[in-house]
Amino acid sequence: MSESISPSNHDAGPFELVCPAGSLPALKAAVDNGADCVYLGFRDATNARNFAGLNFDAAAIAQGIAYARARGRKVLLALNTYPQPGMEALWRGAIERAHGAGVDAVILADPGLMRFAAENFPELRLHLSVQGSATNVEAIALYRRQFGIARAVLPRVLSLAQVEHVVANTDVEIEVFGFGSLCVMVEGRCALSSYATGESPNTHGVCSPARAVRWEQGPRGLESRLNGVLIDRYGEHEHASYPTLCKGRFDVADETYYAIEEPASLNTLELLPRLLEVGVAAVKIEGRQRSPAYVAQVTRVWRAAIDAARANAARYTVKPDWMTALNALAEGQQHTLGAYHRAWK
Amino acid sequence: MMKIAVGPLLYYWPRASVLAFYEEVAAGPADIVYLGETVCSRRHELRAADWLAVAELLRGAGKEVVLSSLALIESSADVTALRRLAGNGRFDIEANDMGAVQLMQGRPFVAGPHLNVYNGGTLALLHRLGARRWVMPLEMSRKALDVLQAARPAGMETEVFALGRMPLAFSARCFTARHRNLPKDDCRFSCIAHPDGLRMDTREGQPFLVLNGIQTQSAAVYNLAGQFDALAASGVDVLRISPQSRHTAQIVNQFHGLRLGTVAPDDAAANIAALLPDAACDGYWHGRPGLELCGRAA
């Protein structure tokens, strides 16, 4: 067994570090570096990171759960796409497999699937996925009342004050995104990807799918296309990014710019004491598509930061070496506080 | 006979334009009119009381009036406004967020296109919670719709967004204000300068998307007029026409001609295509990328 970092114990309520695992090595990296929970998906369209070569079959899940359990950590299973008509059996079967495998919770977006889970496996803990798009206390109350959800993951659109209001007005645990690729749109309410490619997070568990990406060296520079649509074009010394369609440069009224969003990563390290203070229950790291080395690095930094903030919130500062480590991993090497910070909007 | 609905106004128009638009709708053949602000709580050319006055005008003209709720509820003020809307007591509401469904507490409502009804299980649940009509998600294909229709709860009407630039995404960020380098809190109501939204083209001039405040739309205009027979065969009850700044009345008339049988679907589709702010598309209906135009029935 490799060197392992354990979460520290504190008297305050739980504050879980929830880390991504796209593979068994990534799961081990997350656990070894101090994740309280890892989340993962089956190798099919039932989760929102349905990428080739990623995710878990039954044997890998069993191994992953055993590895995490032996170290006192939890495994959450994302089943957070919307069952497509006539194919519900795939998603329902996934609930049964998740229950059989003994995961600590399933992360769901679809109300019909939640009802199936609540009726057939009442002891199975339900988390409302960010793809469920619940941004307000009344929406969360509906999922609580209808299905008894234990936790809701908030879309990356609320300000810190709005997060605080939600936490104060629900008895459902609230999980927020802390780090990783930034969705500028409300999750679960974005069909831009299917508009361009036919496949979206809601329907196929993908955004701007790799199969639709083409890179071409044109006379005016390196061009990235998504199903033929020009997403960006790069000059000789520019850093090229994956053509997520909302993060390209486009023309609006004769001006060329990042009309929707720059390629930047969300990083809320500096908000950690406030997240603890307002009663957020968990912070999520995005990136099931990322490598075990990435997961290890991000998890290690966040573990250290959370432990520092919980040990002494008043004296907490973001350490330069944390930022150096995270900046090296960020999309476009840029960071943003996203919607938590009002000026971003 | 299939019903025609005029969807909620997705843009920010001057008050006089809005009132003139609904007077024209009142005089036309649409059966259902969805009213109210669904995009941005900062827009205020019409206040809640003004929308209710328009609603009474349309009801007086024999229209079924439905008040549409905001799609993205963020602040506690948004929740308060939603609570008031849900309890208005005079008109049904279109729920565009699960928070609205919760606040209806079992009273009848229309499940709007942003509720993510992708399967029969969810449709049945919403029916149990009071939905009497549902609007198909924009990205759903006819093939998928037919599966849902086969298991449709008794008494549930099905509505399809049949004409207009498609509202594809919502954000906390205002892209129209961003275009002017303004913060959202000081947007200076920039949307009012763009009665059909602000178009975003690729760097080789392909119209791609439209910025409409916090909403992002398709640049191409969804046009299912040519699919009228397929829509009828799939048991669709209501066709939604989304308001645009010009020619909406003529478009409604074309759909009316379709249901009367006085115009053929291909002709109506061509007639309507000439009235749109951009090229037509219909890919989603055919199970294709939304921006494609497949044309005749697949």
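Residues numbered from 1 in each chain as written. Chains lettered and ligands numbered in written order. Predicted model: local features only at pLDDT ≥ 70, side-chain atom pairs only at ≥ 80, totals over all residues.

1. Here's the deal with the overall build of chain A
- When helices and strands are counted, chain A shows 11 helices and 16 strands.
- Dimensions of chain A, computed from C-alpha atoms along their principal axes, come out at roughly 60 × 55 × 45 Å.
- Expressed as a percentage of its 345 residues, the buried residues of chain A come to 56%.
- In chain A, of all internal contacts separated by at least 6 residues, the share reaching a separation of at least 24 is 64%. (Helix = DSSP H or I, 4+ residues; strand = E, 2+ residues; numbered from the N terminus. Buried ≥ 20, exposed ≤ 12 C-beta atoms within 10 Å, placed from the backbone. Contact = placed C-beta atoms within 7 Å.)

2. Re the environment of glutamate 255 of chain A
- Its location among the elements puts glutamate 255 of chain A in strand E13 (residues 255–257).
- When the C-alpha atoms of glutamate 255 of chain A and asparagine 267 of chain A are compared, they prove to be 29 Å apart, with 12 residues separating the residues in sequence.

3. A short note on the sheet that holds strand E10 (residues 221–226) of chain A
All names here are of chain A.
- With respect to topology, 3 strands assemble into an open sheet ordered E9-E10-E11, the strand pairing being antiparallel. Both edges of this open sheet fall to strand E9 (213–218) and strand E11 (229–234), since each of them pairs with a single strand only. Neighbour-to-neighbour, the strand axes of this sheet turn through a mean angle of 25 degrees, independent of strand direction.
- Alignment of E9 against E10, held across 6 bridges, turns out to be antiparallel. Across the sheet, glutamate 216 pairs through a bridge with glutamate 223, a residue of E10. (Pairing = 2+ DSSP bridges. Axes fitted to C-alpha atoms, helices over the stretch in contact; angles between N-to-C directions.)

4. Observations regarding the packing of helix H10 (residues 292–311) of chain A against helix H11 (residues 320–327) of chain A
Residues and elements named next belong to chain A.
- Relative to each other, H10 and H11 sit at 155 degrees, their axes nearing to 10 Å. It follows from the interaxial angle that H10 and H11 lie roughly antiparallel. Crossing handedness for the pair H10 and H11: left-handed. Only Trp322, Ala325 and Leu326 of H11 make contact with H10, whose side of the interface consists of Gln297, Val298, Val301, Ala304 and Ala305.
- Of the residues contributing to the contact of H10 with H11, the split by class is 7 nonpolar, 1 polar and no charged. (Parallel < 35°, antiparallel > 145°, perpendicular 65-115°, else oblique. Left-handed = near helix turned anticlockwise from the far one by under 90°. Nonpolar A, V, L, I, M, F, W, Y, C, P; charged D, E, K, R; others polar.)

5. Here we look at unusual backbone geometry
- With phi around 50 degrees, asparagine 227 of chain A is a residue other than glycine that occupies positive phi space.
- Considering the arrangement of structural elements, one finds asparagine 227 of chain A in the loop between E10 and E11.
- The backbone of glutamine 105 of chain B sits at a positive phi, close to 50 degrees, despite the residue not being glycine.
- Given 10 C-beta atoms within a 10 Å radius, glutamine 105 of chain B is considered exposed.

6. Observations regarding the packing of helix H1 (residues 24–32) of chain A against helix H2 (residues 58–70) of chain A
Residues and elements named next belong to chain A.
- It is the contact of H1 with H2, at a shortest axis distance of 10 Å, that shows an interaxial angle of 10 degrees. One finds that H1 runs roughly parallel with respect to H2. Contacts between H1 and H2 pair Leu24, Leu27, Lys28 and Val31 from the former with Ala60, Gln63, Gly64, Tyr67 and Ala68 from the latter.
- Among the residues making up the contact of H1 with H2, the classes are represented as 6 nonpolar, 2 polar and 1 charged.

7. Structural notes on the domain arrangement of chain A
Residue and element names in this part refer to chain A.
- As far as domains go, chain A holds domain 1 (16–182 + 264–344) and domain 2 (192–257).
- Across the boundary between the two partners, domain 1 contributes 12 residues, which contact 9 residues of domain 2.
- Considered class by class, the residues forming the side of domain 1 that touches domain 2 number 4 nonpolar, 6 polar and 2 charged. (Domains from an automatic or database assignment.)

8. Notes on the pairing of E10 of chain A
Residue and element names in this part refer to chain A.
- Count of turn residues in the E9/E10 antiparallel hairpin: 2 residues.
- The sheet contact formed by E10 and E11 spans 5 bridges and is antiparallel. Within the sheet, the bridge partner assigned to leucine 222 lies in E11 and is tyrosine 234.
- What sits between E10 and E11 in their antiparallel hairpin is a turn of 2 residues, with asparagine 227 showing a positive phi close to 50 degrees.

9. Describing the pairing of strand E4 (residues 105–108) of chain A
Residue and element names in this part refer to chain A.
- Burial of E4 is two-sided: the residues Ala105 and Ile107 facing one way and the residues Val106 and Leu108 facing the other way are all buried.
- The pairing of strand E3 (residues 74–79) with E4 spans 4 bridges and is parallel. What sits directly across from leucine 76, in E4, is alanine 105.
- Note that E4 and strand E5 (residues 126–128) share 3 bridges and pair parallel. Bridge pairing in E5 places isoleucine 107 opposite histidine 127.
- Since E4 and E5 lie parallel, the crossover through helix H4 (residues 111–120) that links them has a hand, and here it is right-handed. (Right-handed = clockwise from strand over helix to strand, strands pointing away.)

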